[in-house]
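Listed here are the chains, written in short residue letters.
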Protein chains: 2
Amino acid sequence: MPNTSADEQRINAIRFLSVDAVDKANSGHPGLPLGAAGMAYALWTRHLKFNPKDPGWFDRDRFVLSAGHGSAMLYSLLYLTGYDLGLDQLEAFRQLGSRTPGHPEFGHTPGVEATTGPLGQGFANAVGMAAAEAHLAAVYNSGDHPIVDHFTYCLCGDGDLMEGISQEAASLAGHLKLGKLIVLYDDNRVSLAGPTDITFSDDHVARFDAVGWHTQFVDIGHGNDADAIDEAISIAKKVTDRPSFIAVRTHIGYGSPEQDSFKAHGEPLGAANTAKTKERLGWPLEPAFYVPDDVLAFYREVGAKGAAAEDAWKSAFAAWKNDNADLAAQFERIADKRLPADLPWPAFDEKTGTVATRDAGGATMNAVAAALPELVGGSADLDPSTKTYLKGQGDFQPGSYAGRNVHFGVREHAMGAIANGMAYHGGLLPFTATFFNFADYMKPAVRLAALAKIHALFIFTHDSVFLGEDGPTHQPVEQLAMLRAMPNLTVIRPADAIETREAWKLMVAPHDGPYALVLTRQKVPFLGERSVPIEKGAYVLADAAGTPDLILIATGSEVALALDAKKLLDAKGVATRVVSMPCMSAFAAQPQAYRDQILPPAVTARISVEAAATLGWYRWVGDRGIAYGIDHFGTSAPAGDIAKEYGFTADAIASLATSTFAFATT
Amino acid sequence: MPNTSADEQRINAIRFLSVDAVDKANSGHPGLPLGAAGMAYALWTRHLKFNPKDPGWFDRDRFVLSAGHGSAMLYSLLYLTGYDLGLDQLEAFRQLGSRTPGHPEFGHTPGVEATTGPLGQGFANAVGMAAAEAHLAAVYNSGDHPIVDHFTYCLCGDGDLMEGISQEAASLAGHLKLGKLIVLYDDNRVSLAGPTDITFSDDHVARFDAVGWHTQFVDIGHGNDADAIDEAISIAKKVTDRPSFIAVRTHIGYGSPEQDSFKAHGEPLGAANTAKTKERLGWPLEPAFYVPDDVLAFYREVGAKGAAAEDAWKSAFAAWKNDNADLAAQFERIADKRLPADLPWPAFDEKTGTVATRDAGGATMNAVAAALPELVGGSADLDPSTKTYLKGQGDFQPGSYAGRNVHFGVREHAMGAIANGMAYHGGLLPFTATFFNFADYMKPAVRLAALAKIHALFIFTHDSVFLGEDGPTHQPVEQLAMLRAMPNLTVIRPADAIETREAWKLMVAPHDGPYALVLTRQKVPFLGERSVPIEKGAYVLADAAGTPDLILIATGSEVALALDAKKLLDAKGVATRVVSMPCMSAFAAQPQAYRDQILPPAVTARISVEAAATLGWYRWVGDRGIAYGIDHFGTSAPAGDIAKEYGFTADAIASLATSTFAFATT
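Residues numbered from 1 in each chain as written. Chains lettered and ligands numbered in written order. Predicted model: local features only at pLDDT ≥ 70, side-chain atom pairs only at ≥ 80, totals over all residues. Heavy atoms only, no water.

1. A word on the overall build of chain A
Of regular secondary structure, chain A possesses 24 helices and 21 strands. In terms of overall dimensions, chain A has C-alpha extents of about 95 × 60 × 45 Å along its principal axes. Looking at chain A as a whole, 68% of its 666 residues qualify as buried. Element-wise, carbon and sulfur atoms account for 50% of the exposed surface of chain A, whose accessible area totals about 19800 Å². Computing the positive centroid from 55 side-chain charges and the negative centroid from 77, chain A places the two 4 Å apart. (Helix = DSSP H or I, 4+ residues; strand = E, 2+ residues; numbered from the N terminus. Buried < 20%, exposed > 50% of the residue type's maximum accessible area, 1.4 Å probe, protein only. Areas by Shrake-Rupley, 256 points an atom, 1.4 Å probe, with all protein chains shown as cover. Lys, Arg positive; Asp, Glu negative; His and termini not counted. Charge placed at Lys NZ, Arg CZ, Asp CG, Glu CD.)

2. Considerations on the environment of Tyr153 of chain A
Residue and element names in this part refer to chain A. Mapped onto the secondary structure, Tyr153 falls in strand β2 (residues 152–156). Classification of Tyr153 as buried rests on a relative accessible area of 0%. Sequence separation between Tyr153 and Glu310 is 157 residues; the distance between their C-alpha atoms is 18 Å. Discounting chain neighbours no more than four positions away, the residues touching Tyr153 are Leu43, His47, Leu48, Asp61, Arg62, Phe63, Val64, Ile182, Ile233 and Lys237. (Contact = heavy atoms within 4.5 Å.)

3. A word on the pairing of strand β9 (residues 375–379) of chain A
All names here are of chain A. Across the 5 residues that make up β9, a large majority, 5, are buried. A two-sided burial pattern is seen for β9, the buried positions comprising Leu375, Gly377 and Ser379 on one face and Val376 and Gly378 on the other. Pairing of β9 with strand β12 (residues 429–435) involves 5 bridges; the strand directions are parallel. Along β12, the bridge assignment pairs Ser379 with Ala433. (Pairing = 2+ DSSP bridges.)

4. As for the interface of chain A and chain B
Counting from both sides, the interface comprises 96 residues of chain A and, opposite them, 97 residues of chain B. Counting across the chain A and chain B interface gives 9 salt bridges. Glu478 of chain A is paired through a salt bridge with Arg447 of chain B; the nearest N and O atoms lie 2.9 Å apart. Broken down by element, the residue count for the side of chain A that touches chain B peaks at 8 residues, all from helix α16 (residues 439–452) of chain A. (Salt bridge = Lys/Arg side-chain N within 4 Å of Asp/Glu carboxyl O.)

5. Some thoughts on the domain arrangement of chain A
Partitioning chain A into structural domains gives domain 1 (5–306), domain 2 (350–518) and domain 3 (535–660). The gap between the C-alpha centroids of domain 1 of chain A and domain 3 of chain A is 52 Å. (Domains from an automatic or database assignment.)

6. Things to note about the relation of the copies chain A and chain B
Each copy of the sequence occupies a distinct position, and chain A is placed on chain B by a rotation of 180° and an axial shift of 0.0 Å, giving an RMSD of 0.0 Å. Those values place the two copies in the arrangement expected of a two-fold rotation axis. Comparing interface residues between copies, 100% of those in chain A also lie at the interface in chain B; the contact surface is shared. (Least-squares fit on C-alpha atoms with pLDDT ≥ 70 in both.)

7. Points about empty space enclosed by the protein
Residues and elements named next belong to chain A. Summed over all chains, the structure comprises 11 cavities of 30 Å³ or more. Each pocket or cavity is described by its volume, and for the largest cavity that value is around 170 Å³. What lines the largest cavity is a set of 13 residues, among which Lys337, Glu374, Leu428, Leu429 and His455 lie closest to the centre. Looking at the lining of the largest cavity residue by residue, the classes come out as 8 nonpolar, 2 polar and 3 charged. Lining the second largest cavity are 19 residues, and of these Trp44, Phe63, Gly111, Val112 and Glu113 sit closest to its centre. When its residues are assigned to classes, the lining of the second largest cavity shows 12 nonpolar, 3 polar and 4 charged. (1 Å grid on protein atoms, 1.4 Å probe; cavity = no way out; pocket = protein on both sides within 12 Å on 5 of 7 lines; lining within 4 Å. Points joined across faces, edges and corners; volume = space filled by probe spheres on them. Nonpolar A, V, L, I, M, F, W, Y, C, P; charged D, E, K, R; others polar.)

8. A few points about the pattern of salt bridges
Residues and elements named next belong to chain A. Tallied over the entire structure, the rule returns 67 salt bridges over all chains. Salt-bridge contacts for Arg99 lead to Asp84; the nearest nitrogen and oxygen are separated by 3.9 Å. With Arg99 in the loop between α4 (87–91) and α5 (121–140) and Asp84 in the loop between α3 (71–81) and α4, this residue pair connects regions lying 15 residues apart in the sequence. Among the residues examined, Arg99 registers a relative accessible area of 27% and is labelled partly exposed.

9. A closer look at the sheet that holds strand β3 (residues 181–187) of chain B
Residue and element names in this part refer to chain B. Overall, parallel pairing links the 5 strands, which are arranged β1-β2-β3-β7-β6 in an open sheet. Bordering the open sheet on either side are β1 (62–65) and β6 (214–219), each of which pairs with just one other strand. Each neighbouring strand pair of the sheet contributes to a mean axis angle of 15°, computed without reference to strand direction. Bridge analysis of strand β2 (residues 152–156) against β3 gives 5 bridges, and the strand direction is parallel. Note on β3: the bridge partner recorded for Tyr153 is Ile182. Running at roughly 155° to β3, helix α2 (residues 31–46) makes contact with β1, β2, β3 and β7 (244–249) of the sheet. (Axes fitted to C-alpha atoms, helices over the stretch in contact; angles between N-to-C directions.)

10. Some remarks on helix α15 (residues 412–425) of chain A
Taking 1.5 Å per residue, 14 residues should reach 20 Å; α15 of chain A reaches 20 Å between its end C-alpha atoms and fits that length. For α15 of chain A, the buried fraction is high: 14 of the 14 residues fall into the buried class. (Expected span 1.5 Å × (residues − 1).)

11. Overview of the nonpolar core
Ranked by internal contacts, the top residues of the largest apolar core, which has 176 residues, are Leu550, Ile607 and Phe648 of chain A together with Leu550, Ile607 and Phe648 of chain B. Setting aside its immediate chain neighbours within four residues, Leu550 of chain B contacts Leu569, Val574, Ala575, Thr576, Arg577, Val603, Ala605, Arg606, Ile607, Ala657, Phe661 and Phe663 of chain B. Among the nonpolar cores identified, the runner-up in size contains 168 residues, and Ala380, Leu428 and Met486 of chain A together with Ala380 of chain B belong to it. (Core = buried A, V, L, I, M, F, W, Y, C linked by side-chain atoms within 4.5 Å.)

12. What about helix α18 (residues 497–508) of chain A?
End to end, α18 of chain A covers 17 Å across 12 residues, agreeing with the expected 16 Å (1.5 Å per residue, within 8%). Most of α18 of chain A is tucked away: 10 of the 12 residues are buried.

13. Thoughts on the packing of aromatic side chains
Evaluation of the coordinates by the stated rule reveals 64 aromatic pairs over all chains. Aromatic side chains Phe466 of chain B and Phe648 of chain B sit 6.1 Å apart centroid to centroid with 65° between the ring planes, which places their arrangement in the edge-to-face category. In this pair, Phe466 of chain B is assigned in the loop between β12 (457–461) and α17 (479–484) and Phe648 of chain B in the loop between α23 (639–645) and α24 (650–660), connecting sequence segments 182 residues apart. Taken together, the ring pairs connect Trp57, Phe58, Tyr140, Trp313, Phe317, Trp320 and Phe331 of chain A into an aromatic cluster. Against the face of Phe151 of chain A rests Lys180 of chain A, its NZ or CZ located 6.0 Å from the ring centre. Over the ring of Tyr79 of chain B we find Arg300 of chain B, and its NZ or CZ is 5.2 Å from the ring centre. (Phe/Tyr/Trp six-rings, centres within 6.5 Å; stacked < 30°, edge-to-face > 60°. Lys NZ or Arg CZ within 6 Å of the ring centre and 35° of its normal.)

14. Notes on the sheet that holds strand β20 (residues 626–628) of chain B
All names here are of chain B. Taken together, the 5 strands give an open sheet; going across it, the order is β16-β18-β17-β19-β20, and neighbouring strands pair in mixed fashion. Strand pairing shows two members of the sheet lacking a second neighbour, β16 (539–542) and β20, which therefore form its edges. Neighbour-to-neighbour, the strand axes of this sheet turn through a mean angle of 30°, independent of strand direction. Note that strand β17 (residues 550–554) and strand β19 (residues 606–609) share 4 bridges and pair parallel. Its bridge partner being in β19, Leu552 is matched across the sheet by Ile607. The strands that helix α19 (residues 558–571) touches are β16, β17, β18 (576–580) and β19; relative to β17, the one it contacts most, it runs at about 160°. Set on the sheet, α24 makes contact with β17, β19 and β20; between it and β20 the angle comes to about 165°.

15. Notes on the side chain of Ser98 of chain B
Residue and element names in this part refer to chain B. Counting through the fold element by element, Ser98 comes out in the loop between α4 (87–91) and α5 (121–140). Residue classification places Ser98 among the buried residues on the basis of a relative accessible area of 6%. Within polar-contact distance, the side chain of Ser98 engages the backbone oxygen of Ala92 at 3.2 Å. Among all residues touching Ser98, those that are not within four sequence positions of it are Gln89, Ala92 and His108. (Polar contact = N/O pair within 3.5 Å; in protein donor to acceptor, adjacent residues only side chain to side chain.)

Quick look at the structure:
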């Protein structure tokens, strides 16, 4: 057994807690912890600002393990440094009910800053966190009191850098000159299925140079040279005008018989190979989950230093608060995720006239923007179309980080994940915007927002074939079903300006989960001043005089169409109720009594009207009803021509109703 | 009015056909055609190998307009060079029923090689086409007769290069050293919402250098220097060991009052500005859609040269065929998309035992692989897990392009679009593979495959929460609904080895549209030798003795569970039918009579059992039925524990049935 230095001992503690956790679970990834423990050690013990006793300390450094399959390493660090995560949790790695799931989950484990695993997401989250820090620092810091002043670190692997989202995020971070973002790249030349040289020949450093980053390459040899990493991080911290990329040449599965092979990536070592690895690295074979007392004491002392650092920050904060009472009140409000008492919501009335819901949305956002400084975001190069620009609130750019309009570029995927990073960070209520069809590009990021239950607002405009001439490549059809099927995501498709405003009221209120707001390109009529119970998901917008013969259920721009059809049907003696259903999931969550009130079981003649795939609608129209939608791709033509071609006219709907159901028409 | 050279005249013809088409439609993007017409002109008239009279000529050069919003330019080129696209079609730009939709659509317009518009897709399609060419050339060419020997050109814009998919595809193309791929970058420094300097500061040339491309930068000044482009393309063609990137500094909206502004990007110029632009560039103000006779004659002559080139190729082909009869027969078969007469499908029987459908899928693919040389593809760094490696068929790598296993790397999005490119190219039946959860990353590419109705096979494994310990970040829940909502996509989730094999039989048969095959990680029982009408989508797998009291409808791994529940229920006297529904869309497409045979309307006690979001299931279980699924995210734990926790056990389902429905149980 070799002699090991103190550094090696401490690094080995991370390694073997991880290896033992994976072995015990008989599932997981030992390769990353074995190879990357050295850099994690250097970062966590010599640089990272954190207080295990207060994982929510606002000014802590953020650490994102983008290579989330290395979760065992993160849990080992959390245990060692004294977070509320006991050894029992490491022993319960990947088991039902544990706080140590297969990949890190935000809100589930103290100290986990982001839900990662789907590759590339954490990298972009980190960009979002660094952007949030830059913005908040610009808004809140005064010269003497940098109350927001922390680094964001990200540890990523080959998979992260192969995913396009990392390029999108890196390109934007470089443009934005986010100097307090430091990415450590676990450059081990091996991915799950083989060596990277079968598929990945990038010059990584040159690639990051090309997008405006400060870059370093460090070869830490056998993986224990903490000093080399330490120095590289120190250099990176001093570079404040660019984000920093540190490629660290490591050895996957370091010390194990499968070192440097893809076989070390994602399979437990197993008893025999674990023993060999421990032997090689000078670690006692028994017991499992062994940590020498002095090693544990060392890590706990590192953790304790964080408490002192937070105390110092609290003193500085108090002094700053003393000098900046109003700003401090605002800061405490946004940090606590509280809304201001009154928000100046816009009044919409008959004078509003026909207006696209994207315009109503833009007007609503802008009405409350000044009162909601936490509302920060932008579009993927489409704000003239999505109407989401916050007028007078400035652009978030190098040199003007206090600006609230972020120009994400044509980078929908990173936009979503960067917004997630802002939400993870705290202090911001991020929003994004693009065409609804390009929700597809953002889907993985929206999913993680939903899984992590973070409060992020995803705005989508141009929400149907009625966007017209751009054609089927841009016309969403199946996206409503795609998003409605997602747990924890609240999808709202308002029918007019009033519903749009009410949606926004719901969306800005504190909530554990993201929203998708789905808006029209085309103008829609104003449907009357009224109270809209948007939180109930559906309501009777226009009723029959007595018991309805027929219920038309519609969303968004098709609600006005249903109202027009009702007029035709009423004239024929078909007593028609029109239900507006802006939020299907909210309606599904209502008590049966409310649902039966809106959709009385006795009224089986029902038609849903939505210019989209019908998947999901049979639940509401029932066995005798008709789900009227568009189960095919669209076409390039003016919107009016498309409406006629696809039967989205009041006449067509009225005819469908009378030809399908046996009404006593007049 | 300035004097214009012959080149300028010809370039202006492209410009103003495009501008006039956009003006007449009052919709579209004049900016790209005005700026990029010069490079399109140089490419199409001096390099591109094509025959307007035979758009399907196998050995034509491929040209992909990744910046699909510049469609008017492409249509102008197609008209000018003599494709079957008359001036009337340019005049009907973006109108209902025209062949000139807002963005180019494959299969809709002769000469359009790929459906583009969603940015970045065309770039990756082009990589797929170049890969297809490299593979087919390696397999079919003999020394004297390069019957597959063409370039693939792509014209892309800033938006394409901001999208991460372009990085993924560029990185892989660089690794693969696809020397006959040439990308022209319309480097105009302006995107839809503003100048690129608000969001995009990449050193583009350095970025492509970093991923192994040959790079050039050309400033063509006022946009008419065809010679400069010509020369750059000539240089790029000579570089055969790397793909080529040519950044061409252009001026968006060249000649218009809004030149170099984002306002020139996506709005019609309108009569006044069109007149000014024509005046500046020396073009007659009237009539619209004007093309001087000599200009048209020139372009038509260019087109006619293509016919001669094809004739020469045909002669070469005949000579090659003479020398290589068997190979030629195979080539003609794959070029015509015909299947071999008999394929050696594997036999599965009771001895097969419990086997994961991913393993059954792998076995099936491998059984027919030798007989189906057109089956080419791979996974996103997961083939040890997806089981999709074609044994003995070699790796597609530089120097071994005849290999059929493509290592896509952790690049799901580009993988999808590259597979699409292979399918567009012809001669290949491409497949991809990854975990089902990461269908999210591929969604935009899968959608374009569906829209373009191309035959590509998307394989997804690890298809439910039962993948276990990797946890909710990797456990699909809503992906089945997401894909089922998509028009033209056939989603199949087989229950056992037999259904998996039958799915493959369907999938390899000629078809206008993609498939998604959804397979388990975990083992599932063999459900018996039987005939499976997979093309009908659903069938009675196990029936009640008489009229059923209850119908259990299940898919994939839940079918075996339903069978177990049936045993419990039968024992209680509940006559239970089990319906396996591997393909919901196919079932929905059956005549009512067949559907009523499988799901008799009189039997209203129905439960669907699928470990996924229930959206879409109420259609089949009806008003009195229960959609039993998982409408929340999963959890990290062994699969068996998850099954118990979520009630996916035979006991739980049997109890649900008896507690819900009033059966006369024994």
